[in-house]
Amino acid sequence: MRASFLLHGIALTALLGGCTMIPHYHRPAAPVSTTWPSSGERSTQAKDDTALLQDWRDFYRDPVMQTLIATALENNRDLRIAQQQTAAASSQFDIENAALFPTLNGTAGANVQKMNSHIWSLSRTDEPIYMRQYAVGFGVSAYEVDLWGRIRSASRASFDRYMASALNQQAMRLSIISSVATAMLNWVANAQALTLTQAVLANRQRTYDLVRQTADVGTGTQLDVAEAESALHDVETNVEIYTRQKAEAFNQLTLLVGMPLPDATVQSLNAKASLEAVSAFPEVPEVPEGLPSEMIARRPDIRAAEADLRAANDDIGAARAEFFPKIQITAANGTASNNITRLFQSGMGAWNVAPQITLPLFDAGRLTAQLKQAHSRKREEVARYEKTVQQGFREVADALIGRETYERQTSAQQKAVAANQRQYDLALQRYKAGYDPYLETLVAQRTLYTAQLSAITTQLQTLSNSVTLYKVLGGGWNDTPPKRKSSFKEHIL
């Protein structure tokens, strides 16, 4: 009966802590425009934004790219670090949340005491007196009744920081996906530029041989030979540049993936001779004109910043509760006897309850300073949240403008390559026919090569902008953050 009474009493005191002093939370207004900027060339009407909510595999459809991304998500060391940080934050929340409940301990002990010699004379015999005490029981020690919500506030702050860690992990995951895709595109672009440069080198070698032959027979000049040789060595230099950049892009890809690439993956990667060989990205995310800027709040990094802001708001509640009395309860129930053989017999029950109230009277301003510090940290987190929103808005705005302009730039660049090819063909014909000096052909050849390299760069920028747009819009929004864990008290109340 007494044990039942004690357990019910402890449970009742645990339920008393049902309030907190956490200030009511208001999400700060986003310090950005309500619509995305546009160059005025788009005519897409507003659509349901669910088109943006897709898994990364639906966007990155190239099989080689999917293999690289999946391997990176499994092996990337930065992501592993973030995962362990999130796991540690989750455990910290469990630690803070456990303080809401009393800790029940089982105890067993024995105390044997031999009386001092001056007491022996009181005995009817000369034998010393031994005092024995045995006890078995259970109880709680220094359990704090959370009347003012101090522990609850700390628990909520810990959970919000766990949320921030989990969302930062999502942001890193999204960043790794985009980085792997960009690294692969860079590798393919450098491989394509290297192939083009090697072809141009072979062409200039033939041209150099032709010019030297014409000079040997007297129909050309040594100036033409020198110009052809200079152009040849320029391209030889570019071959080494693109060879190095291709190798560096491969090393970057290997680092992101987190392991040496399997031979089969390398072979599939080498088969990508040009950016046209990379599976095209779908028209997703399709961003309609005038898309509300509130959508940016779905980005994991912005949601993480808001979770940190909520945690700072929770800390204010914990700091406020420090000004009020703390009630701690120590209680025990069990059996006690001076004879171990009678320890569990009827009538040997024993219990004790020792409540303690602590009221802060003087602390030299420590509690006030802690509260001011909590408010300052909240204002800091507000500013950090607003900065994150502004940065995210700028990234999306840049990517949207890039999407509009890169398409037109690519079309114009392709036309320029075609025109420069015609110019070079005509200049070469006129040189062979003896109408123009070799300089005209050399200029046309260099202009064509430059235009072809620019076309590769523009195509790379166009694809990279699609990768960036997917990233800055938050990408795989089907990845939901963890839900708030509910304690036993929250469930009851």
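1. A word on the overall build of the chain
Now for step 1: Scanning the chain from terminus to terminus reveals twelve helices and four strands.
Now for step 2: Within the chain, the fraction of its 493 residues that count as buried is 40%.
Now for step 3: Contacts in the chain between residues at least 24 apart in sequence constitute 86% of all its contacts with a sequence separation of at least 6.
Now for step 4: A total of about 26700 Å² of accessible surface is found on the chain, and carbon and sulfur atoms cover 54% of it.

2. Here we look at the pattern of salt bridges
For side chains bearing opposite charge, pairing can occur when the charged atoms are close.
Now for step 1: Within this structure, the stated rule accounts for 14 salt bridges.
Now for step 2: The partner of Glu306 in a salt bridge is Arg27, with the nearest N and O atoms 3.0 Å apart. Remark: Arg27 occurs in the loop between helix 1 (2-16) and helix 2 (56-59) and Glu306 occurs in helix 9 (residues 300-321); sequence separation between them is 279 residues.
Now for step 3: Put simply, Glu381 and Arg384 hold a salt bridge, and the shortest N to O gap is 3.1 Å. In this pair, Glu381 and Arg384 both sit in helix 10 (residues 366-433), three residues apart, roughly one turn of the helix.

3. So, empty space enclosed by the protein
Now for step 1: Within this structure, the stated rule accounts for two cavities of 30 Å³ or more.
Now for step 2: Surrounding the second largest cavity, Glu144, Val145, Asp146, Leu147, Trp148, Gly149, Arg150, Ala321, Pro325, Lys326 and Ile327 form its lining.
Now for step 3: For the lining of the second largest cavity, the elements supplying multiple residues, two or more each, are strand 2 (130-145) and strand 3 (326-337).
Now for step 4: Looking at the lining of the second largest cavity residue by residue, the class counts come to six nonpolar, one polar and four charged.

4. A few points about a nonpolar patch on the surface
Now for step 1: Among the surface-exposed residues, Leu359, Leu361 and Phe362 lie close enough to one another that they form a single nonpolar patch of about 420 Å² accessible area.
Now for step 2: By the element assignment, Leu361 lies in the loop between strand 4 (349-358) and helix 10.

5. With respect to the packing of helix 3 (residues 63-75) against helix 7 (residues 222-257)
Now for step 1: As a packed pair, helix 3 and helix 7 sit with axes 7 Å apart at the nearest point and diverge in direction by 50 degrees. The angle between helix 3 and helix 7 falls in the class oblique. Across from Leu68, Thr71, Ala72 and Asn75 in helix 3, the residues of helix 7 making contact are Leu253, Leu256 and Val257.
Now for step 2: Classifying every residue of the contact of helix 3 with helix 7 gives five nonpolar, two polar and no charged.

6. Considerations on the packing of aromatic side chains
Now for step 1: Applying the stated criterion across every chain yields a total of eight aromatic pairs.
Now for step 2: Measuring from centroid to centroid gives 4.9 Å for Phe59 and Tyr60, while their planes differ by 90 degrees, and the two rings are edge-to-face.
Now for step 3: Both rings, one in Phe93 and one in Phe159, keep their centres 5.3 Å apart while their planes meet at 65 degrees; by these two values the pair is edge-to-face. Taken together, the residues span a long stretch of sequence, with Phe93 in helix 4 (residues 77-98) and Phe159 in helix 6 (residues 150-216) at a distance of 66 residues.
Now for step 4: When its relative accessible area of 1% is taken as the criterion, Phe93 is described as buried.
Now for step 5: Its relative accessible area of 3% is what places Phe159 among the buried residues.

7. Focus on unusual backbone geometry
Now for step 1: The residue Ala142 is not glycine, and still its phi comes out positive at about 50 degrees.
Now for step 2: Inspection of the secondary structure puts Ala142 in strand 2.
Now for step 3: One non-glycine residue, Ala364, lies in the positive phi region at around 60 degrees.
Now for step 4: In this structure, Ala364 sits in the loop between strand 4 and helix 10.

8. Describing the environment of Asn97
Now for step 1: Following the sequence through the fold, Asn97 ends up in helix 4.
Now for step 2: Judged by relative accessible area, which is 14%, Asn97 ranks as buried.
Now for step 3: Separated by 54 residues in sequence, Asn97 and Ile151 place their C-alpha atoms 7.7 Å apart.

9. Considering the side chain of Asn420
Now for step 1: The residue Asn420 is located in helix 10 in this model.
Now for step 2: Setting aside chain neighbours within four positions, we find Asn420 in contact with Thr447, Leu448 and Ala451.

10. Looking at the nonpolar core
Now for step 1: Counting residues in hydrophobic clusters, the biggest one holds 46 residues, and the most contacted among them are Tyr60, Met65, Met184 and Leu185.
Now for step 2: Among the secondary structure elements, those contributing two or more residues to this core are helix 2, helix 3, helix 6, helix 7, helix 8 (263-270) and helix 11 (438-472).
Now for step 3: Apart from the residues within four sequence positions on either side, Tyr60 is in contact with Met65, Gln66, Ile69, Ile177, Ser178, Ala181, Phe281, Val467 and Tyr470.
Now for step 4: If you look at the next biggest cluster of nonpolar residues, it comprises 13 residues, including Ile302, Val389, Ala399 and Leu400.

11. Examining the confidence of the model for the chain
Now for step 1: On average, residues of the chain score 82 in pLDDT, and 82% of them are at 70 or above.
Now for step 2: When mean pLDDT is taken per element in the chain, helix 3 scores highest with 94 and helix 12 (residues 488-492) scores lowest with 37.
Now for step 3: Below pLDDT 50 for its whole length, residues 42-51 participates in 15 contacts with residues either more than four positions away or in separate chains.
Now for step 4: Across residues 486-493 the pLDDT falls below 50, and counting only partners more than four positions away or on other chains, this stretch makes 19 contacts in the model.

12. Observations concerning helix 11
Now for step 1: Spanning 35 residues, helix 11 covers 50 Å between terminal C-alpha atoms, matching the ideal 51 Å at 1.5 Å per step.
Now for step 2: Positive backbone phi, approximately 105 degrees, marks Gly474, located one or two places after helix 11.

13. Re the packing of helix 4 against helix 6
Now for step 1: Packing of helix 4 against helix 6 leaves a shortest axis separation of 8 Å and a crossing angle of 165 degrees. Taken together, the axes of helix 4 and helix 6 are roughly antiparallel relative to one another. Judged by the sense of rotation from one axis to the other, the crossing of helix 4 with helix 6 is left-handed.
Now for step 2: Residues of the contact of helix 4 with helix 6, tallied by class, amount to eleven nonpolar, ten polar and four charged.

14. Things to note about the side chain of Thr265
Now for step 1: One can find Thr265 in helix 8.
Now for step 2: For Thr265, a relative accessible area of 12% gives the class buried.
Now for step 3: Other than its neighbours up to four places away in sequence, Thr265 contacts Thr67 and Leu68.

What counts and what doesn't
- Residues numbered from 1 in each chain as written.
- Predicted model: local features only at pLDDT ≥ 70, side-chain atom pairs only at ≥ 80, totals over all residues.
- Heavy atoms only, no water.
- Helix = DSSP H or I, 4+ residues; strand = E, 2+ residues; numbered from the N terminus.
- Buried < 20%, exposed > 50% of the residue type's maximum accessible area, 1.4 Å probe, protein only.
- Contact = heavy atoms within 4.5 Å.
- Areas by Shrake-Rupley, 256 points an atom, 1.4 Å probe, with all protein chains shown as cover.
- Salt bridge = Lys/Arg side-chain N within 4 Å of Asp/Glu carboxyl O.
- 1 Å grid on protein atoms, 1.4 Å probe; cavity = no way out; pocket = protein on both sides within 12 Å on 5 of 7 lines; lining within 4 Å.
- Points joined across faces, edges and corners; volume = space filled by probe spheres on them.
- Nonpolar A, V, L, I, M, F, W, Y, C, P; charged D, E, K, R; others polar.
- Patch = residues over 30% accessible without salt bridge, like charges linked within 9 Å, V, L, I, M, F, W, Y side chains within 5 Å.
- Axes fitted to C-alpha atoms, helices over the stretch in contact; angles between N-to-C directions.
- Parallel < 35°, antiparallel > 145°, perpendicular 65-115°, else oblique.
- Phe/Tyr/Trp six-rings, centres within 6.5 Å; stacked < 30°, edge-to-face > 60°.
- Core = buried A, V, L, I, M, F, W, Y, C linked by side-chain atoms within 4.5 Å.
- pLDDT = per-residue confidence, 0-100.
- Expected span 1.5 Å × (residues − 1).
- Left-handed = near helix turned anticlockwise from the far one by under 90°.

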